[in-house]
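# Summary of the model geometry
Here is what each chain is made of, one letter per residue.
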Amino acid sequence: MTKYSKILYSSVGIALLSACSATSTTQSAPALQTNEFPTETMSQAAVIADGQQQIELTLKQIMSDPDWLGREPENAFWSSDGKTLGYYRKQEGNPIRDLWLIDDGSVGNGQKADLSTIHQYEYDEFIQDEDFPFVAWIFEGNIFVQDINTSVIKQLTLSTDGARNLQFLNDNALSFQRGNSFYSVEVNSGLQEQVLSWHFAKEQKAVEAPEDYIAQEQIKLIDYVQLQRRNRQLRADNDAALKATNNTIMASSYYFDPAHRTVLASLAPNGKWAVVVTTENKAQRSDSDIMPDYIEENGRIKAQNVRQRVADAKPIVHDVWLIDLSSGDKTLLDYKALPGYNEDVLAEVKRENAIAKGEEYQENRLPRDIGLLFDWYATEPPVKWHDDSDKVAIMLEAWDNKDRWITTVDVDEKTLVTQHRMHDEAWVNYRFNEFGWFDNQETLYLLSEESGYSQLYAKPLEGNLRALTQGNFVVDNVTLTKDDKYFYFKANKKHPGIYEIYRVGADAQGTDSIEQLTDLNGMTDYVLSPNENKLLLTHSKLVSPPELYAMDIKASAEPVKLTSTVSEAFRSISWTSPSIVAVPSSHSDQPIYSRVYAPQGPQDDKSRAVVFNHGAGYLQNSHLGWSGYFREFMFHSFLVSQGYVVLDMDYRASAGYGRDWRTAIYRQMGTPETQDLKDGVDWLVENANVDRSRIGTYGGSYGGFMTFMALFTEPDLFQAGAALRPVSDWAHYNDPYTSNILNRPDVDPIAYERSSPIYFADGLTKPLLINAPMVDNNVFFVDVVRLVQILIEKEKEDFETAIYPVEPHGFVQPSSWLDEYRRIFKLFEEHL
């Protein structure tokens, strides 16, 4: 069964007792060879302006409403019958997205969908399975089906109580969830049945045992009380018998700890089993987790609720229950079956911190806190049933972030069976956790970084793990064909900054049978058509925003460009096309891939330079596609026109370069990245005719944090820096991201003090601009407030702060963007 969800209108976050013989455990990654990393400079031809330039490239133009660029296609998809392509496009001048439709085989932007028929194309969840003669989807909480042969669409539900968690059920029905209940709906008749419900309450029995001596004697002495108890029990027995013998009555109702809540629930396709996952219903924030919002319509200050800090996070455990709908039994699945369930994986970290306090640490083997792993980028849940059996796969993770288990459930023995364990001494990646079932065999497929890179594997339930791909490249976005013959995927196989679409046979061994399907040399994403004979591609290049392409899957097929959404104004500008340079690293065999923006032609005098630090930490920006930092791309083109060279580095911790690159910052955020910036500065001086004494740096979010670390810990590296929406103290950031890299402050305070700029503020000697949005619910404004107070106390003079009262983490108002970048440009002009 193929099931996927589409996130609409998006712009862009957790010792060995026993092990089954089928368990596969991560081995150490093989050593990587220097010559396996391409070092040639990659470039794309600069876009030649179409005709006369329509606008002047100024800061005001760059930071204006980005609609002038053209409003690119978003969230492209196939219709359920594969006859139509759909995508979303922002309306000019407002945030509304319209659905646009292109008939398969046509070229062009297509037509805007009519709101009265949009339910035929748009969906929140969509499922298809070749064993069923219909496909199904959820639109605005209601269920629709379409007959594959006749294309007739039928609506099965109409309710404000939205349906979710849609699945095929038995032969001609669907199941879905509403609240804490599962329902089935018969496709032909439309009959709905409540299949299963669960409650967080104490189950009320007809007759309870006496609770104390007084109650015991009351029952024994008084005939009336005895009669009432007898009658209640008789009625309860009769109700139970009725439910057991009359299938018109819903019988399955289950009770869980009143102090718990639902994490996830999943009903088996055969309707015989269910998995319900619960956890303690405790607050995820305190009353003090607030953020003042000073600009409100009523003129008052509003206290906005925000998330808790990593320093306040408490362990979370998920209870996984297997429910047998035939017998009515529910069983808590024990984590003791997981290899490593009670290993003290942080023993060395705890020992180092204890020694720093003058204490000793004694290793313990208490059970670890374990729960479901929700991949940050996947749209499917971590519980997956096989279509044709009682087999279910569950993906789990440890609270300490060091282990991921993919397990199955032995429904006869009511136990977890570990199929794959991935252990990482740093942390398990919150990406690359896709997994699922082959359709026609009891075999799992999964992504794992155990080789050092995200690669694709097959795992028979009674067999060993088998690599389908291997190499120093990243595999992502996996699609298995309905006949279990091919896996399609996206990968940067030929160069870390080029993503193409590939496929590999499901019976492949290693890399021999990987087939490259596209050769577009940029950033390419795909959606496989329902009949699996075409690809819908979203492709971009360094200076070309994304457009849609269609491509037949056959030999010598070439992609056909469909849309043209880029504006004439954008095309009229001769943009600076950056080169992708492999900057040699002093600390790694891998080079530091970087975008370099430079003036054309020989330069007599040495240039000024700016080093840009991308945000998010784990993000790739030095690729050959259109950057999510499109304003910064335009700003860098502007800087080149003013005589600057710009360097944009994918420092260690960036995405796209494998596990070791990702985890280099474990327990030392800011140190490896600053070392890479030093290598970048050296490269600029030696290769780009740059004056070492005239180099500045800037960045936002993680990039703002890096600006702090560079200026505070390497004060001679840059002559000025701008930190935008910056992190100054990681103990105040969120738990899901920070605890991966630095563990948690109660366990590893050394890592936090080693990685937080606030502890190094005394090192500031160069001009610093701090730009801070005040309603930022990601990096709180207090990060800047606390740091500024420390800079004042340390009597630092050469810093200034700009505040933005209405802006969240990602600025919205063009006036704010303009003010921010005017200040950044002024900083560089004055000090470089």
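Refer to the structure presented above.
As a starting point, this report considers the structure included with it. (Residues numbered from 1 in each chain as written. Predicted model: local features only at pLDDT ≥ 70, side-chain atom pairs only at ≥ 80, totals over all residues. Heavy atoms only, no water.)

### Some thoughts on a negative patch on the surface
Together, Glu795, Glu797, Asp798, Glu800 and Glu830 make up a region of like negative charge exposed at the surface. By secondary structure assignment, the location of Glu795 is in the loop between helix H12 (782-793) and strand E46 (799-804). With a relative accessible area of 65%, Glu795 lands in the exposed category. (Patch = residues over 30% accessible without salt bridge, like charges linked within 9 Å, V, L, I, M, F, W, Y side chains within 5 Å. Areas by Shrake-Rupley, 256 points an atom, 1.4 Å probe, with all protein chains shown as cover. Salt bridge = Lys/Arg side-chain N within 4 Å of Asp/Glu carboxyl O. Lys, Arg positive; Asp, Glu negative; His and termini not counted. Charge placed at Lys NZ, Arg CZ, Asp CG, Glu CD. Helix = DSSP H or I, 4+ residues; strand = E, 2+ residues; numbered from the N terminus. Buried < 20%, exposed > 50% of the residue type's maximum accessible area, 1.4 Å probe, protein only.)

### So, the packing of aromatic side chains
All chains considered together, the criterion is met by 46 aromatic pairs. Note on Trp626 and Phe633: the rings are 5.2 Å apart at their centroids and 65 degrees apart in plane angle, and the pair reads as edge-to-face. Using a relative accessible area of 2% as the deciding quantity, one classes Phe633 as buried. Counting every residue linked through ring pairs, the aromatic cluster contains Trp376, Tyr430, Tyr618, Tyr651, Tyr702, Phe705, Trp730, Tyr733 and Tyr737. Positioned over the ring face of Trp321 is Lys330, at 4.3 Å from the centre of the ring. Over the aromatic face of Phe435 sits the side chain of Lys384, whose NZ or CZ is 4.8 Å from the ring centroid. (Phe/Tyr/Trp six-rings, centres within 6.5 Å; stacked < 30°, edge-to-face > 60°. Lys NZ or Arg CZ within 6 Å of the ring centre and 35° of its normal.)

### Observations concerning the sheet that holds strand E16 (residues 260-267)
Strand order in the open sheet formed by four strands is E16-E17-E20-E21, with antiparallel pairing between adjacent strands. Edge strands, defined here as strands with exactly one partner in the open sheet, are E16 and strand E21 (330-332). This sheet shows a mean twist of 25 degrees between the axes of neighbouring strands, independent of strand direction. The sheet contact formed by E16 and strand E17 (residues 273-280) spans seven bridges and is antiparallel. Across the sheet, Leu267 pairs through a bridge with Ala274, a residue of E17. (Pairing = 2+ DSSP bridges. Axes fitted to C-alpha atoms, helices over the stretch in contact; angles between N-to-C directions.)

### Some details on the sheet that holds strand E39 (residues 579-583)
If you walk across this open sheet you meet the eight strands as E39-E40-E42-E41-E43-E44-E45-E46, and the pairing is mixed. Only two strands of the sheet have a single neighbouring strand rather than two, namely E39 and E46. Averaged over all pairs of adjacent strands, the angle between their axes in this sheet comes to 20 degrees, without regard to strand direction. Two strands pair when backbone bridges link them, and strand E45 (residues 768-773) and E46 are joined in this way by six bridges, in the parallel orientation. Paired with Asn771 across the bridge in E46 is Ala802. In this fold helix H8 (residues 671-687) packs onto E39, strand E40 (592-597), strand E41 (607-613), strand E42 (644-649) and strand E43 (690-700), with an angle of close to 140 degrees to the strand it touches most, E43. (Contact = heavy atoms within 4.5 Å.)

### Quick look at the environment of Asn429
If you trace the backbone, Asn429 turns up in the loop between strand E26 (415-423) and strand E27 (435-437). Between the C-alpha atom of Asn429 and that of Ser454, which follows or precedes it by 25 residues, the distance is 9.6 Å. Contacts of Asn429, omitting those with residues within four sequence positions, involve Glu449, Tyr618 and Arg662. Within the local environment of Asn429, its side chain forms a polar contact with the side chain of Glu449, the two groups lying 3.3 Å apart. Among the polar contacts listed, one links the side chain of Asn429 to the side chain of Tyr618, at a separation of 3.0 Å. (Polar contact = N/O pair within 3.5 Å; in protein donor to acceptor, adjacent residues only side chain to side chain.)

### Overview of the pattern of salt bridges
Overall, the coordinates contain 37 salt bridges when judged by the stated rule. Where Glu714 meets Lys678, a salt bridge forms, and the shortest distance between an N and an O atom there is 3.8 Å. Of the two residues, Glu714 is situated in the loop between helix H9 (702-713) and strand E44 (720-724) and Lys678 in helix H8; the sequence distance between them amounts to 36 residues. For Glu714, a relative accessible area of 28% gives the class partly exposed. The class for Lys678 is partly exposed, based on a relative accessible area of 35%. Note that Asp819 is salt-bridged to Arg823, the shortest N-O span being 2.7 Å. With Asp819 and Arg823 both in helix H13 (residues 814-831) and four residues apart, the pair spans about one turn of that helix.

### Topic: the pairing of E41
Among the seven residues in E41, seven count as buried, and that is most of the element. Here E41 shows a buried face lined by Ser607, Ala609, Val611 and Asn613 and a second buried face lined by Arg608, Val610 and Phe612. Bridge analysis of E41 against E43 gives six bridges, and the strand direction is parallel. Across the sheet, residue Val611 finds its bridge partner in E43, namely Thr697. Sheet topology places E41 next to E42; six bridges connect them, and they run parallel. The partner of Asn613 across the bridge, within E42, is Met649.

### Some points on a nonpolar patch on the surface
A cluster of nonpolar side chains, Tyr294, Ile295, Ile301 and Val806, forms an exposed patch at the surface whose accessible area comes to about 400 Å². Note that Ile301 resides in the loop between strand E18 (290-293) and strand E19 (302-305). Residue Ile301 is classed as exposed on the basis of its relative accessible area, which comes to 57%.

### A closer look at the nonpolar core
Core analysis: the largest hydrophobic core is formed by 87 residues, its most contacted members being Phe487 and Trp730. At eight residues, the largest contribution of residues to this core is made by H9. When near neighbours in sequence (up to four residues on either side) are disregarded, Trp730 contacts Val310, Met669, Tyr702, Phe705, Tyr737, Thr738, Leu742, Tyr752, Ser755 and Ser756. Judged by nonpolar contacts, the second largest core, of 47 residues, contains Ile580, Ala720, Tyr821 and Leu827. (Core = buried A, V, L, I, M, F, W, Y, C linked by side-chain atoms within 4.5 Å.)

### Considering the packing of helix H6 (residues 630-641) against H13
Here H6 crosses H13 at 35 degrees, and the two axes come no closer than 13 Å. Considering how the two elements wind past one another, H6 and H13 form a crossing that is right-handed. For the pair formed by H6 and H13, the contact residues are Arg631, Glu632, Phe635, Phe638 and Leu639 on the first element and Trp817, Tyr821, Ile824 and Phe825 on the second. Taken together, the residues of the contact of H6 with H13 sort by class into seven nonpolar, no polar and two charged. (Left-handed = near helix turned anticlockwise from the far one by under 90°. Nonpolar A, V, L, I, M, F, W, Y, C, P; charged D, E, K, R; others polar.)

### Side note on the environment of Leu169
Note that Leu169 resides in strand E11 (residues 164-169). Sequence separation of Leu169 and Asn270 is 101 residues, and the distance between their C-alpha atoms is 5.9 Å.

### Overview of helix H10 (residues 735-742)
Burial analysis of H10 places seven of its eight residues in the buried class, which makes it a mostly covered element. Looking at H10, one finds that the buried residues are Asp735, Tyr737, Thr738, Ser739, Asn740, Ile741 and Leu742. For H10, the elements touching its buried residues are H9 and helix H11 (749-755). In this structure Asn734 caps H10, since a side-chain oxygen of it lies 3.0 Å from the backbone nitrogen of Tyr737. Just past H10, the residue Asn743 takes up positive phi, approximately 60 degrees.

### Some points on unusual backbone geometry
Unusually for a residue other than glycine, Asn401 sits at a positive phi of about 70 degrees. In this fold, Asn401 is placed in the loop between strand E24 (392-398) and strand E25 (403-410). With a phi close to 60 degrees, Glu795 is a non-glycine residue in the positive phi region.

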